[in-house]
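Chain by chain, the residues run as shown.
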Amino acid sequence: MVGGVVRSMGVDRRRRHGDDVRRRAVALIGAGVSVRHHIASIAPLERWCREYRAGGAEALRPRAKGRPRGSSNGPAPAATREQELAEQLAFLEAKVAYLEKLHALQVSRSRGATRPRS
């Protein structure tokens, strides 16, 4: 093992196999196929055979990797004036409640009251 990569006779084992190699391997699923095409395990061969039987050569084509791109619906619709006002009202109510609590805390500290221990 060199730098996290398994090497056997100078072959990099982490490489991906193209659809042409997959098709040839499925066609030659006999002795020595894994050595000939540098396939480390029988598991991919079995999976490729299953996929080939289910969907033919098209099933062995590479698939897109990663997260799919965002939907093509476009941006979210703009909020209506009523929704904007409702959000502003909720924000201001929370702000008033916070300031009232802060004021009550300052008053209680100025009177010398101590906080109860929990």
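Relevant structure appears above.
Residues numbered from 1 in each chain as written. Predicted model: local features only at pLDDT ≥ 70, side-chain atom pairs only at ≥ 80, totals over all residues. Heavy atoms only, no water.

## What about the overall build of the protein?
Phase 1 of the analysis: Across its full length, the protein carries four helices and two strands.
Phase 2 of the analysis: Written out in order from the N terminus, the α and β elements of the protein read β-β-α-α-α-α.
Phase 3 of the analysis: Taken over 118 residues, the protein has a buried fraction of 14%.
Phase 4 of the analysis: Pairs at least 24 apart in sequence give 37% of the contacts found in the protein among residues at least 6 apart.
Phase 5 of the analysis: Surface accessibility of the protein: about 10,400 Å² in total, with carbon and sulfur atoms responsible for 54%. (Helix = DSSP H or I, 4+ residues; strand = E, 2+ residues; numbered from the N terminus. Buried < 20%, exposed > 50% of the residue type's maximum accessible area, 1.4 Å probe, protein only. Contact = heavy atoms within 4.5 Å. Areas by Shrake-Rupley, 256 points an atom, 1.4 Å probe, with all protein chains shown as cover.)

## Brief notes about helix α3 (residues 42-55)
Phase 1 of the analysis: A rise of 1.5 Å per residue sets the reference length of α3, with its 14 residues, at 20 Å; its end C-alpha atoms lie 20 Å apart and thus fit the reference within 8%.
Phase 2 of the analysis: Of the residues making up α3, those classed as buried are Pro 44, Leu 45, Trp 48, Cys 49 and Glu 51. In a view along the axis of α3, the buried residues occupy a sector of 165°, so they form one face of it. Turned more than 90 degrees from where α3 packs its buried face, Ile 42, Arg 50, Arg 53 and Ala 54 sit exposed.
Phase 3 of the analysis: Where α3 ends, the next residue or the one after it, Gly 56, has phi of about 75°, a positive value. (Expected span 1.5 Å × (residues − 1). Arc of directions from axis to C-beta.)

## A short note on the pattern of salt bridges
Phase 1 of the analysis: A full pass over the atoms with the stated rule returns three salt bridges.
Phase 2 of the analysis: Residues Glu 51 and Arg 47 are paired through a salt bridge, measuring 3.8 Å at the closest nitrogen-oxygen approach. On the criterion of helical spacing, the pair formed by Glu 51 and Arg 47 is a turn pair, its members being four residues apart in helix α3.
Phase 3 of the analysis: Judged by its relative accessible area of 19%, Glu 51 falls in the buried class.
Phase 4 of the analysis: Arg 61 serves as the salt-bridge partner of Glu 58, at 3.6 Å between the closest nitrogen and oxygen. (Salt bridge = Lys/Arg side-chain N within 4 Å of Asp/Glu carboxyl O.)

## Details of the environment of Val 21
Phase 1 of the analysis: Note that Val 21 resides in helix α1 (residues 19-27).
Phase 2 of the analysis: The class for Val 21 is buried, based on a relative accessible area of 15%.
Phase 3 of the analysis: Separated by 18 residues in sequence, Val 21 and Ile 39 have C-alpha atoms that sit 10.0 Å apart.

## As for a nonpolar patch on the surface
Phase 1 of the analysis: Together, Tyr 98, Leu 99, Leu 102 and Leu 105 make up a nonpolar patch on the protein surface, roughly 370 Å² of accessible area in all.
Phase 2 of the analysis: Along the chain, Tyr 98 turns up in helix α4 (residues 81-110).
Phase 3 of the analysis: Classification of Tyr 98 by relative accessible area gives exposed; the value is 56%. (Patch = residues over 30% accessible without salt bridge, like charges linked within 9 Å, V, L, I, M, F, W, Y side chains within 5 Å.)

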